[in-house]
Amino acid sequence: RHSLYGRQRIDRRQEHLGHQQGDMVLQEITVLLKNICRESDILCRYGGDEFVIGIPRLVDIEHAKLIAERIRQAIEAKDFNSRGFKIKITMSLAVVDTLCHPDLKVDAIVQLADQMLYKAKHSGRNRVESQTLNDHPDIIAAMVPRTRAK
């Protein structure tokens, strides 16, 4: 099974949000993501303010980048409500192409996504970064499950 994975980290500009208001905003984001994702996509909250979306049955990374950009624009355009105030939130997204490596461990995908999100953070945030694992043979070598000789 071949998939493209996108991982997002929300850049909360409103650091004054309490946990309850932050959770309410995350719930609104989840609804927005569900409306953008296809029925076959796999949407998960990875932790804190991070999400992972598994996007199966895509032909190339360009299509996944279009989906990621659509998500980024939708988040940026939405007015979120907290304590009666409208707030703006941005999202940085990392798209990792795993089409050529369907047996790759999730750890490798997350590692590369983290590197791309770090790059997005230092490049101004609110952006889509993408990478193919073919450009990272070191990650592939360390993370592809090895078969044992019998």
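The structure reproduced in this document is the subject of the present report. Note that the coordinates shown come from a computational prediction; the quantities given were computed from them, not determined experimentally.

We now examine the overall build of the protein chain. On a plain count of helices and strands, the protein chain comes out with 4 helices and 7 strands. Reading the helices (α) and strands (β) of the protein chain from amino to carboxyl end gives β-α-β-β-α-β-β-β-α-β-α. Within the span of the protein chain, comprising 150 residues, buried residues form 43% of the whole. Residue pairs at least 24 apart in sequence account for 66% of intrachain contacts in the protein chain once pairs closer than 6 positions are excluded. When the accessible surface of the protein chain is totalled, it reaches about 8,800 Å², and 50% of it is carbon and sulfur.

Okay, the packing of aromatic side chains next. Evaluated as defined, the whole model comprises 0 aromatic pairs. Residue placement shows lysine 78 over the ring face of phenylalanine 80; its charged tip is 5.4 Å from the ring centre.

This paragraph deals with the side chain of arginine 72. Note on placement: arginine 72 falls in helix H2 (residues 61-77). Reaching out from arginine 72, the side chain makes a polar contact with the side chain of glutamate 69 at a distance of 2.6 Å. Non-local contacts of arginine 72, meaning those with residues more than four positions away in its chain, are made with Met91, Leu93, Asn126, Arg127 and Val128.

Our focus in this paragraph is unusual backbone geometry. Located in the positive-phi region is arginine 125, a residue other than glycine, with phi close to 65°. Non-glycine residue asparagine 126 carries a positive phi angle of around 50°. Classification of asparagine 126 as buried rests on a relative accessible area of 15%.

Before going further, it helps to examine the pairing of strand S6 (residues 90-97). The buried fraction of S6 amounts to 8 of the 8 residues, a majority that puts the element mostly inside the structure. Residues Thr90, Ser92, Ala94 and Val96 line one face of S6 and the alternating positions Met91, Leu93, Val95 and Asp97 line the opposite face, and both faces are buried. Where S6 and strand S7 (residues 128-132) come together, 5 bridges link them in parallel fashion. Pairing of valine 95 across the sheet is with serine 130, part of S7.

Reading guide: rules and limits
Residue positions are given per chain, counting from 1 as you read along its sequence in written order. pLDDT decides what is reported in this predicted model: residues at 70 or higher carry local features, side-chain atom pairs at 80 or more are listed and counted, and totals for whole chains, interfaces and linings draw on all residues regardless. To obtain the side-chain values, all non-hydrogen atoms of the structure were included, while hydrogens and water were left out. We count a stretch as a helix when DSSP gives it H or I for four or more residues in a row; a strand needs E for two or more, and each element gets its number in order from the N terminus. Any residue under 20% of the maximum accessible area for its type is buried, any over 50% is exposed, and the rest in between are partly exposed; the area is computed with a 1.4 Å probe on protein chains only. A contact between two residues is defined here by any heavy atoms of the two lying within 4.5 Å. All accessibility values rest on the Shrake-Rupley procedure with a 1.4 Å probe; residue burial counts only the protein chains present in the view. Within 6.5 Å between ring centres, the rings of Phe, Tyr and Trp (the latter by its six-membered ring) count as paired, and their orientation is classed by plane angle as stacked under 30 degrees, edge-to-face over 60, tilted in between. Counting as a charge over the ring demands two things of the Lys NZ or Arg CZ atom: a distance within 6 Å of the ring centre and an angle within 35 degrees of the ring normal. Any pair of nitrogen or oxygen atoms within 3.5 Å is treated as a polar contact; in protein, a donor-acceptor pairing is required on top of that, and neighbouring residues in sequence qualify only through side-chain atoms on both sides. Following DSSP output, two strands are said to pair if at least two bridges run between them.

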